[in-house]
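# Summary of the model geometry
Next come the chains, spelled out residue by residue.
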Amino acid sequence: MPTEVHPLLLCGGSGTRLWPLSRKSYPKQFAQLTGDRSLFQASAQRLTGEGFAAPMIVTGSDFRFVVKEQLADVGLAPASILIEPFGRNTAPAILAGALALEAQSSGALMLVAPSDHVVPDAAGFRKVVEAAVPAANSGQLVTFGIRPDRAETGYGWLELTSAPSDDFAPVAQPLKAFVEKPDAATAQTMLDDGNYLWNAGIFLFSTTTLIDAFAKHAPDMLAGVRAAVAEAQDDIGFTRLDEVAWDGLEGESIDYAVMEKADNLSVIPYRGAWSDLGGWDAVWRDSNPDGDGVVTNGPATAIDCRNTLLRAEDGGQALIGIGLDDLIAVAMPDAVLVAHKDRAQDVKLAVATLKQQEAPQAETLPRDYRPWGWFESLGTGTRFQVKRIVVNPGAALSLQSHMHRAEHWIVVEGTAKVTINDDVKLIEENQSVYIPLGAIHRMENPGDVPMVLIEVQTGSYLGEDDITRYEDIYARGQGAKG
């Protein structure tokens, strides 16, 4: 029987309940919310060590280089990175990972985990996973339930056939039912009953057990995902699932597609601290509030406040709260959220409202991350835009041209290697260069430190989709990001 566990980290989703920090263009798993690492990095490190194989990742095309770079920053190399053409919820993503792993090692043990959870005791959690291995090897679909400490309405719950032991020992027991996110009264009843755990959305099973479950309960999805995996293409080290086959799939959660219908379910209790950071109230709770219940991050100051979160994300800001009780205030350069802590789960309504207004703040951060680095807009006008661009060491933008704008580049840190048509030259700090409208050009960083420049765009149209790529080491194709 296999004992090595192969983690599959799910790295999609937009995290709208943590707006304005988390947005579709850069969701919460990549942000540093509670420490000096992103949630994704912490999740990958948590599932590393003796008995654990290198992680597999499922993510979207826009985040593939972010995933690779963040793993490299913590010294990890993935076993593979599967690219979803578009989101189809958790069931197809998990099944694709299982089929890919089954092709490499039939019957391998796969641990499915979201990449945006907080589990402070990583070693303790790994021991609980190890305790679940015998049940998974015996053909069980094992899920992990968290010991509840409050009547939480933001989580799904798991109903057990009997109450767990007094110390919530990690012993597999039958799972009676999945319970959707309850109202407050139902959550309190379940907490008092003692036969319920929070649903962490973490699973352990053998690949053959899961595939058999799909064959029984969701055969159409199995056929479609099998085709998407069979027709997948290698893309400079990533595995891009087939778009045509993926497009025909229904978007379903793993709970709905398989788990709620299966009769070989077991649950392992976990008694340690855990959070999915599903709202700003959870961030406040997991950030060690002071004696007055106050949490501040960044240039934020609380004066005579109680049970309040103040978070400023830009060093140039000054966020001051005076006499606040049970409030959340999160300041970004382009958006500010102020909400009562009891309404934290309703932050997604702000995103929906902004989308109706076609406001870019709904989904897009002011800082745009690309495989070569990032840029942000410093100022815009009718016919101009000023950007700060940071290019990573050894990285290069695509060879490109624009139909509607010219550009002025001023290097302020490092050295840029600049191509303009047939001319290639080095631009040092405090030097500048002009890119005429229509010129074929490229910017590279030949140095070993980040290169920073200020770009001034002038023209009749300044959108990111005004770009024609001729060469690109990141194989992005055409379009704003490709």
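Nothing here was measured: the structure is a model prediction, and the numbers come from that model.

Here we come to the overall build of the protein chain. Each helix and strand in the protein chain was counted, giving 11 helices and 28 strands. Counting only C-alpha atoms and orienting by the principal axes, one finds that the protein chain spans roughly 75 × 60 × 40 Å. Within the protein chain, buried positions represent 51% of all 482 residues. Long-range contacts, defined as pairs at least 24 residues apart, comprise 69% of the intrachain contacts of the protein chain with a sequence gap of at least 6. As presented, the protein chain carries roughly 20,900 Å² of accessible surface, and 49% of it is formed by carbon and sulfur atoms. Between the averaged position of the 39 positive side-chain charges in the protein chain and that of its 64 negative side-chain charges there is a distance of 1 Å.

Quick look at the domain arrangement of the protein chain now. The extent of an interface is frequently quoted as the accessible surface area lost upon association of the parts. We note that the domain assignment places domain 1 (5–270), domain 2 (282–344) and domain 3 (367–471) within the protein chain. Each of domain 1 and domain 3 has a C-alpha centre, and the two are 39 Å apart.

UniProt tags residues 367–472 as "domain: Mannose-6-phosphate isomerase type II C-terminal" (unreviewed entry). Between the C-alpha atoms that bound residues 367–472 there is a distance of 21 Å. The span itself is 0% helix and 59% strand.

Strand order across the open sheet formed by six strands is β18-β19-β20-β27-β22-β25, with antiparallel pairing between neighbours. Single-partner strands in this sheet number two, and they are β18 (367–370) and β25 (432–435). On average, adjacent strands in this sheet sit at an angle of 20 degrees to one another, irrespective of strand direction. The pairing of β18 with strand β19 (residues 373–380) spans four bridges and is classified as antiparallel. Across the sheet, residue Arg370 finds its bridge partner in β19, namely Gly373.

Turning our eyes to something else, we now look at the pattern of salt bridges. A complete count under the given rule lists 24 salt bridges for this structure. Where Glu464 meets Arg370, a salt bridge forms, and the shortest distance between an N and an O atom there is 3.7 Å. Remark: Arg370 occurs in strand β18 and Glu464 occurs in the loop between β27 (451–459) and β28 (468–471); sequence separation between them is 94 residues. Owing to a relative accessible area of 24%, Glu464 belongs among the partly exposed residues under this scheme. Between Lys387 and Glu464 there is a salt bridge; the shortest N-O distance is 2.3 Å. Of this pair, Lys387 sits in strand β20 (residues 384–391) while Glu464 sits in the loop between β27 and β28; the two residues are 77 residues apart in sequence, bridging distant segments of the chain. Lys387 gets classed as buried once you look at its relative accessible area, which sits at 4%. Here the residues in one salt-bridge network are Asp368, Arg370, Lys387 and Glu464, joined through shared partners.

Summarising the element assignment, Thr419 is placed in strand β23 (residues 416–420). Every residue in contact with Thr419, bar those within four places of it in the chain, is listed here: Leu399, Val424, Ile440, His441, Arg442 and Glu444.

In space, the four strands of this open sheet follow the order β12-β14-β16-β17, with mixed pairing throughout. Taken across any chain shown, the strands that pair with only one partner, and hence form the sheet edges, are β12 (294–297) and β17 (336–340). In this sheet, adjacent strand axes meet at a mean angle of 5 degrees when their direction is disregarded. Pairing of β12 with strand β14 (residues 308–312), which is carried by four bridges, proceeds in the parallel orientation.

Counting residues in each nonpolar core, the largest one holds 91 residues, and the members touching the most others are Leu33, Leu111, Phe144, Leu204 and Trp280. Element by element, the count of residues in this core is highest for helix α4 (residues 122–137), at seven residues. When residues no more than four places from it in sequence are discounted, the contact partners of Trp280 are Arg17, Leu18, Trp19, Leu21, Leu33, Leu309, Arg311, Ile328, Val330, Leu337, Ala344 and Val347. By size, the runner-up hydrophobic cluster in this structure holds 46 residues, among which are Met56, Leu82, Leu175 and Ala262.

Thresholds applied
Residues numbered from 1 in each chain as written. Predicted model: local features only at pLDDT ≥ 70, side-chain atom pairs only at ≥ 80, totals over all residues. Heavy atoms only, no water. Helix = DSSP H or I, 4+ residues; strand = E, 2+ residues; numbered from the N terminus. Buried < 20%, exposed > 50% of the residue type's maximum accessible area, 1.4 Å probe, protein only. Contact = heavy atoms within 4.5 Å. Areas by Shrake-Rupley, 256 points an atom, 1.4 Å probe, with all protein chains shown as cover. Lys, Arg positive; Asp, Glu negative; His and termini not counted. Charge placed at Lys NZ, Arg CZ, Asp CG, Glu CD. Domains from an automatic or database assignment. UniProt positions renumbered as here; feature names shortened; annotations may be inferred. Pairing = 2+ DSSP bridges. Axes fitted to C-alpha atoms, helices over the stretch in contact; angles between N-to-C directions. Salt bridge = Lys/Arg side-chain N within 4 Å of Asp/Glu carboxyl O. Core = buried A, V, L, I, M, F, W, Y, C linked by side-chain atoms within 4.5 Å.

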